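As a plain string of letters, each chain reads:
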Amino acid sequence: ALTMQRILVAWILLAIAASPAVAAEQDAGTLLLKELTALRKAANLSELADALGRVPAAYNGSGKGVQGKLRSELGKILKDANLGDARRPALRALLKLDDSKASWKEVSKVMPSARLEVAGDFEIAVVGAAGQLAQSKAVKPLLDLAAKAKDGQLAAASAKALGGFKDEKKLRVKILADLIAL
């Protein structure tokens, strides 16, 4: 009977994996990934911005492999300064994903340098996103920016972003103590 149960469970799992709805969700993520890559390479900014709005739903409905590739593509978009205004929707898409830890990994790659003379809107938005994601690994870069940023708006944005860390009391106390020490 135990073997029969295992066979039945395996059969059900195979049926679910092969179902049209699951295949459609996986295909939607893969198709969107291909579309994003093509639009990024062609620098088609208006269509890229529209496609980025569909990322969270496709991401959250895809398997881990497709999710990783979608995050990577979002990271490539964030890093490409030639994409200009299309980088903001990519940042917003990362904030809407169900995995803030993985989103932080991509955001961390575009965190502005404290040596930046004049921070633009995108750099300020990146710092704000770090605060919204509130990952413990973001505390040090944000504190460094708050302490050392040449641009006053960037320092202020960093201090404000540190206010996003609401869940862990020990971390909040450390942030407050470090901010006071500035």
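Everything numeric here is computed off the predicted structure, so don't read it as measured data.

K.L.:
Got a sec to walk through the packing of helix 9 (residues 139–148) against helix 10 (residues 152–162)? Specific residues and values, please.
P.N.:
Direction vectors running N to C along helix 9 and helix 10 enclose 145 degrees, while the axes themselves pass 7 Å from each other. Between helix 9 and helix 10 lies a crossing whose hand is left-handed. Every residue of helix 10 that contacts helix 9 at Val139, Leu142, Leu143, Leu145 and Ala146 is listed here: Leu154, Ala155, Ser158, Ala159, Ala161 and Leu162.

K.L.:
Hey, could you go over the side chain of Arg40 for me, with residue numbers and the actual values?
P.N.:
If you trace the backbone, Arg40 turns up in helix 2 (residues 20–42). Judged by relative accessible area, which is 15%, Arg40 ranks as buried.

K.L.:
Describe the environment of Gly152, with residues and values.
P.N.:
With respect to the helices, strands and loops of the structure, Gly152 is situated in helix 10. Overall, the relative accessible area of 53% leaves Gly152 in the exposed class. A sequence separation of 35 residues divides Gly152 from Glu117, and the C-alpha atoms of the two residues are 9.3 Å apart.

K.L.:
So what's going on with the pattern of salt bridges? Which residues, and what values?
P.N.:
A complete count under the given rule lists six salt bridges for this structure. A salt bridge links Arg54 to Glu35, with the shortest nitrogen-to-oxygen separation between them at 2.4 Å. With a gap of 19 residues between them, Arg54 in the loop between helix 3 (45–52) and helix 4 (55–60) and Glu35 in helix 2 connect regions that are remote in the sequence. The residue Arg40 makes a salt bridge to Glu73 at a minimum N-O spacing of 2.4 Å. Here Arg40 is found in helix 2, whereas its partner Glu73 is found in helix 5 (residues 64–79), with 33 residues between them in sequence. The pair Arg40 / Glu73 is uniform in exposure class, with both members buried.

K.L.:
Describe the packing of helix 5 against helix 7 (residues 100–108), and please don't skip the residues or the numbers.
P.N.:
The interhelical angle for the contact between helix 5 and helix 7, taken along N-to-C directions, is 30 degrees, at an axis separation of 9 Å. Classified by the interaxial angle, the pair formed by helix 5 and helix 7 is roughly parallel. As for how helix 5 packs across helix 7, the hand of that crossing is right-handed. Where helix 5 approaches helix 7, its residues Arg71, Ser72, Gly75 and Leu78 are matched on the opposing element by Ala102, Ser103 and Glu106.

K.L.:
Please give an account of helix 3 that cites residues and values.
P.N.:
Those residues of helix 3 lying buried are Leu48, Ala51 and Leu52. Angularly, the buried residues of helix 3 cover 100 degrees about the axis, an arc narrow enough to put them on a single face. Of the exposed residues in helix 3, the ones pointing more than 90 degrees away from its buried face are Ser46 and Asp50.

K.L.:
Describe in detail the side chain of Glu73, supporting the description with residues and values.
P.N.:
For Glu73, a relative accessible area of 3% translates into the label buried. With residues up to four places along the chain from it excluded, the contact list for Glu73 reads Leu33, Leu36, Thr37 and Arg40.

K.L.:
Before we move on, can you summarise the packing of aromatic side chains with the specific residues and values?
P.N.:
Counted under the stated rule, the structure contains zero aromatic pairs. The positively charged end of Arg87 is found above the aromatic ring belonging to Phe122, 3.8 Å away from the centroid.

K.L.:
Now, about the environment of Leu32: what can you tell me, with residues and values included?
P.N.:
Among the structural elements, Leu32 can be located in helix 2. Judged by its relative accessible area of 4%, Leu32 is buried. Between the C-alpha atoms of Leu32 and Ala51, which are 19 residues apart in sequence, the distance is 7.4 Å.

K.L.:
Describe unusual backbone geometry, and please don't skip the residues or the numbers.
P.N.:
The backbone of Ala43 shows a phi angle near 55 degrees, a positive value even though the residue is not glycine. Tracing the backbone shows Ala43 in the loop between helix 2 and helix 3.

Calculation criteria
Numbering of residues starts from 1 in each chain and follows the order in which that chain's sequence is written. pLDDT decides what is reported in this predicted model: residues at 70 or higher carry local features, side-chain atom pairs at 80 or more are listed and counted, and totals for whole chains, interfaces and linings draw on all residues regardless. Based on all heavy atoms of the structure, the side-chain values leave hydrogens and waters out of the count. Axes, fitted as lines to C-alpha atoms, cover a helix only where it is in contact. Angles between the N-to-C directions of the axes lie from 0 to 180 degrees. Going along the chain from the N terminus, every DSSP run of H or I of four or more residues is numbered as a helix, and every run of E of two or more is numbered as a strand. Crossings are sorted by hand: turned counterclockwise from the far helix by less than a right angle, the near helix makes the crossing left-handed, and turned clockwise it makes it right-handed. By the convention used here, residues are in contact when the closest approach between their heavy atoms is within 4.5 Å. Burial status follows relative accessibility: with a 1.4 Å probe on protein chains alone, a residue under 20% of its type maximum counts as buried, one over 50% as exposed, and anything between as partly exposed. Here a salt bridge means any side-chain nitrogen of Lys or Arg lying within 4 Å of a carboxyl oxygen belonging to Asp or Glu. When describing relative orientation, an angle under 35 degrees is termed roughly parallel and one over 145 degrees roughly antiparallel, while 65 to 115 degrees is termed roughly perpendicular and anything else oblique. This arc describes the spread of directions from the helix axis toward the C-beta atoms. A pair of Phe, Tyr and Trp rings is counted when the ring centres sit within 6.5 Å of each other, with Trp represented by its six-membered ring. The angle between the planes then sorts it: under 30 degrees is stacked, over 60 is edge-to-face, the rest tilted. Placement of a positive charge over a ring is assigned whenever Lys NZ or Arg CZ falls within 6 Å of the ring centre and within 35 degrees of the normal to the ring plane.

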